[in-house]
Amino acid sequence: MSATAKVWLDRLRDLPLDHPVSILNVCGGHERTLSHTGLRAALPETIRIIPGPGCPVCVCPEEDICDAMRLARECDVVVVAFGDMLRVPINAARSDPRCLSDARGAGADIRPIASPREAVAIARALPDKRVVFFAAGFETTMAPVAAMLCQGVPDNLFLLVSGRLTWPAVDMLLASEKPGFDALIAPGHVATVMGPEEWSFVAERYGLPIAVAGFTAESLLAATYYVLTQLLATTAHLKNCYPAIVRPGGNRVAQQQLSHSMRIVDANWRGIGTIARSGFALSETFASRDARSLLASPQDAARRHAGEMPPGCDCARVVLGKVVPTNCKLYGKACTPRRPIGPCMVSDEGACHIWWTSGLHNRTHAPHRRTGVAA
Amino acid sequence: MCLAIPMRVESINGFVARCSVRGVSRDVSLFMLEEGSVLAGDYVLVHVGYAIQVISGTDAAATWQVIDEALSGQ
Ligand code: SF4
């Protein structure tokens, strides 16, 4: 830990906190820094930072993964997707593939990509094939997808869009009866693109302190310090603790590209349900690129609601910050990164995956055990 | 998946920049940035192959430090 981080830690320890406080983070990157650098364990017992809706792969609905699979298996198309999506399990009959990776093993042409630019390159290289880009992600990732579209893509490239907006999930949590946290740390790279201002509603409408943080220990500790000083002073406003990168207004070019190529719709979050105006869909201009139009028939309603989360998986409540990964009965037993049961154990951004890979292998030795989040 | 990595811009050709970090070179799209806002020698924050913001060399170094710490699992 750097000298500056130690100074922040000392300042945090000196705060006159006489009761436990919970701070929600909304970003897999934040969670990774907190877990993998030992930051969470170094915090005073009274300060707990809990992982919230910070993993786009974890909330991607089963029905979208199912559509991607049907496209690849039944429609003679090439499906490309960010690597994380390939291993996300869905509920399937024993004889059917459980994830895109299985479907690939069974002969479907499904390829992992690391950039929308690769989707374009693959479509260009296969002019006689239809290529479907299964695009899941939060604002930070959907902006490059939008840029790709606005720059122009070959006619044989279609999109299965499963993008989500982060702030509406937080808004939904805050509007619920028991949000379960006292302050919020906002995601730095979402704010880089969309502008920090879209997070001010947390303070203005709900009276909760909020700070935008970057991914260094210093930035996260500074954000923690500033929300706590606000709590102690019973004030609430938005503080930008990542000013070198998060600038007022965000990246306006990216925002224009997003609004040109996408529209905002109500969207289903896996295991959570529909959250108003929380999803991206193709705009009118790009409607003809919708990969769902390639499917012979819509998914039947029974399949769509066959079961959002695998039995016993607490992923939805982990995503909402209602429980921490170690509260799940399957954590580290039936469910590990090698054999994931739920999406939170698959993705690098998933809280279960992050906690496990940070060395938290014993369920009884969870950080903040004594002040643990109520199940 | 929102992780973005700082890279140094080596050369620019239209909307594509050759960027490098730690000896690894990649083509990065500049299509999300204002035209003309990046020059060779600048640092950009790269996410899924697109530069999402121009950043200073100091911030680039600080971000790399945290990535190193996270990767080494300290
Ligand atoms: S440990 Fe596995 S089963 Fe439990 S919540 Fe996490 S992903 Fe789901």
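- An unreviewed UniProt entry lists chain B under the name Hydrogenase expression/formation protein HypC, with Enhydrobacter aerosaccus as the source organism.
- Database annotation for chain B, UniProt heading Sequence similarities (unreviewed entry): "Belongs to the HupF/HypC family."

- Per an unreviewed UniProt entry, chain A is named Hydrogenase maturation factor, and its organism is Enhydrobacter aerosaccus.
- The UniProt entry for chain A carries the following comment under Sequence similarities (unreviewed entry): "Belongs to the HypD family."

### Focus: the overall build of chain A
And then number 1: Across its full length, chain A carries 16 helices and 11 strands.
And then number 2: A compact globule built from 375 residues would reach a C-alpha radius of gyration of about 21 Å, and chain A, at 21 Å, matches this within 12%.
And then number 3: For chain A, the spread of C-alpha atoms along the three principal axes comes to 65 × 45 × 40 Å.
And then number 4: A burial count over chain A gives 62% of its 375 residues as buried.
And then number 5: Contacts spanning at least 24 positions in sequence make up 77% of the contacts within chain A whose residues lie at least 6 apart.
And then number 6: Counting only carbon and sulfur atoms, one obtains 51% of the accessible surface of chain A, whose full area is about 14,500 Å².
And then number 7: With 39 positive and 34 negative side-chain charges, chain A shows a spacing of 5 Å between the two charge centroids.

### Quick look at helix α2 (residues 28–36) of chain A
Residues and elements named next belong to chain A.
And then number 1: Counting buried positions over the 9 residues of α2 gives 9, a clear majority of the element.
And then number 2: Within α2, burial applies to G28, G29, H30, E31, R32, T33, L34, S35 and H36.
And then number 3: Looking one or two places after α2, you find G38, whose phi comes out positive at around 75°.

### Quick word on the site of the ligand
And then number 1: Neighbouring the ligand are the residues A:C313, A:D314, A:C315, A:C328, A:L330, A:Y331, A:C335, A:G342, A:C344, A:M345 and A:C352.
And then number 2: Here the residues of the shell around the ligand sort into 9 nonpolar, 1 polar and 1 charged.

### Considering the pairing of strand β2 (residues 47–51) of chain A
Along any regular strand the residues' side chains alternate between the sheet's two faces.
All names here are of chain A.
And then number 1: In terms of residue burial, β2 counts as a mostly covered element, since 5 of its 5 residues are buried.
And then number 2: Residue alternation in β2 divides its side chains into two sets, I47, I49 and P51 and R48 and I50, and both sets are buried.
And then number 3: Alignment of strand β1 (residues 21–25) against β2, held across 5 bridges, turns out to be parallel. Bridge pairing in β2 places V21 opposite I47.

### Comments concerning the sheet that holds strand β7 (residues 183–187) of chain A
Residue and element names in this part refer to chain A.
And then number 1: One open sheet holds the 5 strands; their spatial order is β2-β1-β7-β8-β9, and the pairing between them is parallel. Each edge of the sheet is formed by a strand with only one pairing partner; in this case those strands are β2 and β9 (238–240). Within this sheet the neighbouring strands show an average axis-to-axis angle of 25°, counted without direction.

### A word on the sheet that holds strand β5 (residues 130–137) of chain A
All names here are of chain A.
And then number 1: Read across the sheet, 4 strands follow the order β4-β3-β5-β6 without closing on themselves; strand pairing throughout is parallel. The open sheet is flanked by β4 (110–113) and β6 (157–163), the only strands paired with a single partner. Strand-to-strand twist of the sheet, defined as the mean angle between neighbouring strand axes without regard to direction, takes the value 25°.
And then number 2: In terms of strand pairing, strand β3 (residues 77–82) meets β5 through 5 bridges, oriented parallel. Along β5, the bridge assignment pairs V80 with F133.
And then number 3: Packing against the sheet, helix α7 (residues 116–125) makes contact with β3, β4, β5 and β6, and its axis sits at approximately 140° to β4.
And then number 4: Against the sheet, helix α8 (residues 139–151) touches β3, β5 and β6, its axis set at about 150° to β5.

### Observations concerning the state of the cysteines
Residue and element names in this part refer to chain A.
And then number 1: By the definition in use, this model includes 2 disulfides over all chains.
And then number 2: What pairs with C55 in a disulfide is C58, and their sulfur atoms sit 2.1 Å apart. The S-S bond linking C55 to C58 shows a torsion near 80°; that makes this disulfide right-handed. Here C55 and C58 have matching classes, each one buried.
And then number 3: Here C315 connects covalently by a disulfide to C344, the sulfurs 1.8 Å from one another. Judged by the torsion about the S-S bond (110°), the C315/C344 disulfide is right-handed. Residue C315 is located in helix α15 (residues 315–319), and its partner C344 is located in the loop between α15 and α16 (351–357); the two are separated by 29 residues in the primary sequence. Both residues of the pair, C315 and C344, count as buried.

What counts and how
- Residues numbered from 1 in each chain as written.
- Chains lettered and ligands numbered in written order.
- Predicted model: local features only at pLDDT ≥ 70, side-chain atom pairs only at ≥ 80, totals over all residues.
- Heavy atoms only, no water.
- UniProt positions renumbered as here; feature names shortened; annotations may be inferred.
- Helix = DSSP H or I, 4+ residues; strand = E, 2+ residues; numbered from the N terminus.
- Rg over C-alpha atoms; globule rule 2.2 N^0.38 Å.
- Buried < 20%, exposed > 50% of the residue type's maximum accessible area, 1.4 Å probe, protein only.
- Contact = heavy atoms within 4.5 Å.
- Areas by Shrake-Rupley, 256 points an atom, 1.4 Å probe, with all protein chains shown as cover.
- Lys, Arg positive; Asp, Glu negative; His and termini not counted.
- Charge placed at Lys NZ, Arg CZ, Asp CG, Glu CD.
- Near = heavy atom within 4 Å.
- Nonpolar A, V, L, I, M, F, W, Y, C, P; charged D, E, K, R; others polar.
- Pairing = 2+ DSSP bridges.
- Axes fitted to C-alpha atoms, helices over the stretch in contact; angles between N-to-C directions.
- Disulfide = S-S within 2.5 Å.

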